[in-house]
Amino acid sequence: MSQSIIITGAGSGVGRATARAFLQAGWRVGLVGRRTAPLQETADGAPEALILPCDVSDEAAVEAAFTRAQETWGHLDALFNNAGVNVKSGPIDEIPVADWRQLIDINLTGAFIAARAAFGLMRRQDPQGGRIINNGSISAHVPRWGSAPYTASKHAITGLTRSISLDGRPHDIACGQIDIGNALTEMAAKMTRGVPQADGTIAVEPVIDVAHVARAVLHMAQLPLEANVQFMTVMATKMPFIGRG
């Protein structure tokens, strides 16, 4: 029987590319996102794709989606906790608290809710176990200018990853994190036009094909449960990260 994975934020960007990579590799893939049409576009008619429209910040909707996947497949092997948003950059005193709350609700609370649902299924299923892969960011290590909400959310994802890794040991639930830098998606397209740097300048930054990220996530997921990629960084080689400031 083919393996199964749920991917949040599967309607675009990293989520879409990763979902398609897993489908091509023969996995059964649950596609989670707020809107049905983009998820259907990601699936592109693949028979192994399961459309699971829901908002990751809605606990009841997430529980229902994961239950549907478990009832359809009988077993959940992996979760790629990928859904995330950003807000307009600016000094912290110019960022509306409402924008902070919305971002944290999706990037952090949504990741917690999805991981909680997956962990519960993996803990109760037979055979027990599975793998959770969280999408961190280069911002889980160092910030960009004007990115307090996003950077705080991604630093918190690292803590979530470490906690789940520890909690999952007795249940054969592995947890790792992929930190992505400048993969060319809709969100990162601005890198090719120029973005603010720490010294106040605007500069174009190198980007990489998002397919490299998708292959990295697939590699992490295909490992046996006794092996785990705890943290992986996949980035454009020449982007400002090492010595970012």
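Refer to the structure presented above.
This write-up is about the structure you can find in this document. (Residues numbered from 1 in each chain as written. Predicted model: local features only at pLDDT ≥ 70, side-chain atom pairs only at ≥ 80, totals over all residues. Heavy atoms only, no water.)

From N to C terminus, the protein chain includes 6 helices and 9 strands. Over its C-alpha atoms the protein chain spans a radius of gyration of 17 Å, differing by no more than 12% from the 18 Å that the globule rule assigns to 245 residues. Principal-axis analysis of the C-alpha atoms gives the protein chain an extent of 55 × 35 × 35 Å. By the burial criterion, 53% of the 245 residues in the protein chain qualify as buried. Long-range pairs, those at least 24 residues apart, make up 68% of the contacts in the protein chain between residues at least 6 apart in sequence. (Helix = DSSP H or I, 4+ residues; strand = E, 2+ residues; numbered from the N terminus. Rg over C-alpha atoms; globule rule 2.2 N^0.38 Å. Buried < 20%, exposed > 50% of the residue type's maximum accessible area, 1.4 Å probe, protein only. Contact = heavy atoms within 4.5 Å.)

Further remarks concern the pattern of salt bridges. Taken as a whole, this structure holds 4 salt bridges when the rule is applied. Here arginine 16 and glutamate 41 are joined by a salt bridge, their closest N and O atoms 3.4 Å apart. Pair noted here: arginine 16 is in helix α1 (residues 13–24) and glutamate 41 is in helix α2 (residues 36–43), with a separation of 25 residues, a long-range link. Here arginine 16 falls in the buried class, since its relative accessible area comes to 15%. With a relative accessible area of 48%, glutamate 41 lands in the partly exposed category. Between arginine 116 and glutamate 63 there is a salt bridge whose closest N-O contact spans 3.3 Å. Placement of arginine 116 in helix α4 (residues 97–124) and of glutamate 63 in helix α3 (residues 59–73) is noted, with a sequence separation of 53 residues between them. Overlapping salt bridges bring together Glu59, Glu63 and Arg116 as one network. (Salt bridge = Lys/Arg side-chain N within 4 Å of Asp/Glu carboxyl O.)

Taking strand neighbours across the sheet as the criterion, the 7 strands line up as β3-β2-β1-β4-β5-β6-β9 in an open arrangement whose pairing is parallel. Each edge of the open sheet is held by one strand with a lone partner, namely β3 (49–53) and β9 (231–235). Across the sheet, the axes of successive neighbouring strands diverge by a mean angle of 20°, strand direction being ignored. Pairing between strand β4 (residues 78–81) and strand β5 (residues 130–135): 4 bridges, direction parallel. Opposite alanine 78, over in β5, you have arginine 131 as the bridge partner. (Pairing = 2+ DSSP bridges. Axes fitted to C-alpha atoms, helices over the stretch in contact; angles between N-to-C directions.)

This brings us to the nonpolar core. One finds Phe22, Val29, Leu31, Ile178 and Val213 to be the most contacted residues of the largest nonpolar core, which totals 38 residues. Tallying contributions element by element places helix α6 (residues 210–222) first for this core, with 8 residues. Setting aside its immediate chain neighbours within four residues, leucine 31 contacts Ile7, Ala10, Ala19, Leu39, Thr42, Ala43, Ala49, Leu50, Ile51, Leu52 and Pro53. Ile6, Leu50, Ala118 and Leu121 belong to the second largest nonpolar core, which has 35 residues in total. (Core = buried A, V, L, I, M, F, W, Y, C linked by side-chain atoms within 4.5 Å.)

Before going further, it helps to spend a moment on the pairing of strand β2 (residues 28–33). Across the 6 residues that make up β2, a large majority, 6, are buried. Bridging between strand β1 (residues 4–8) and β2 involves 5 bridges; their strand directions are parallel. By the bridge assignment, isoleucine 5 is partnered in β2 with valine 29. Of the crossover connections in this fold, the one passing from β1 over α1 to the parallel β2 is right-handed. Judged from the 5 bridges that link them, β2 and β3 form a sheet pairing that is parallel. Opposite valine 32, over in β3, you have leucine 52 as the bridge partner. (Right-handed = clockwise from strand over helix to strand, strands pointing away.)

Looking along a regular strand, one sees side chains alternate from face to face of the sheet. By the alternation rule, side chains of β4 split into Ala78 and Phe80 and Leu79 and Asn81, which are all buried. As defined by bridge partners, β1 adjoins β4 across 3 bridges and the pair is classed as parallel. Note that in β4 the partner of isoleucine 7 across the bridge is phenylalanine 80. Taken together, β4, α4 and β5 form a β-α-β motif whose crossover is right-handed.

Moving on, we come to helix α5 (residues 148–168). Taking 1.5 Å of rise per residue, 21 residues should cover 30 Å, and α5 covers 30 Å from first to last C-alpha, within 8% of that figure. Those residues of α5 not exposed but buried are Pro149, Tyr150, Thr151, Ser153, Lys154, Ile157, Thr158, Leu160, Thr161, Ile164, Ser165 and Gly168. Along its buried surface, α5 packs onto α4, β5, β6 (173–181) and β9. (Expected span 1.5 Å × (residues − 1).)

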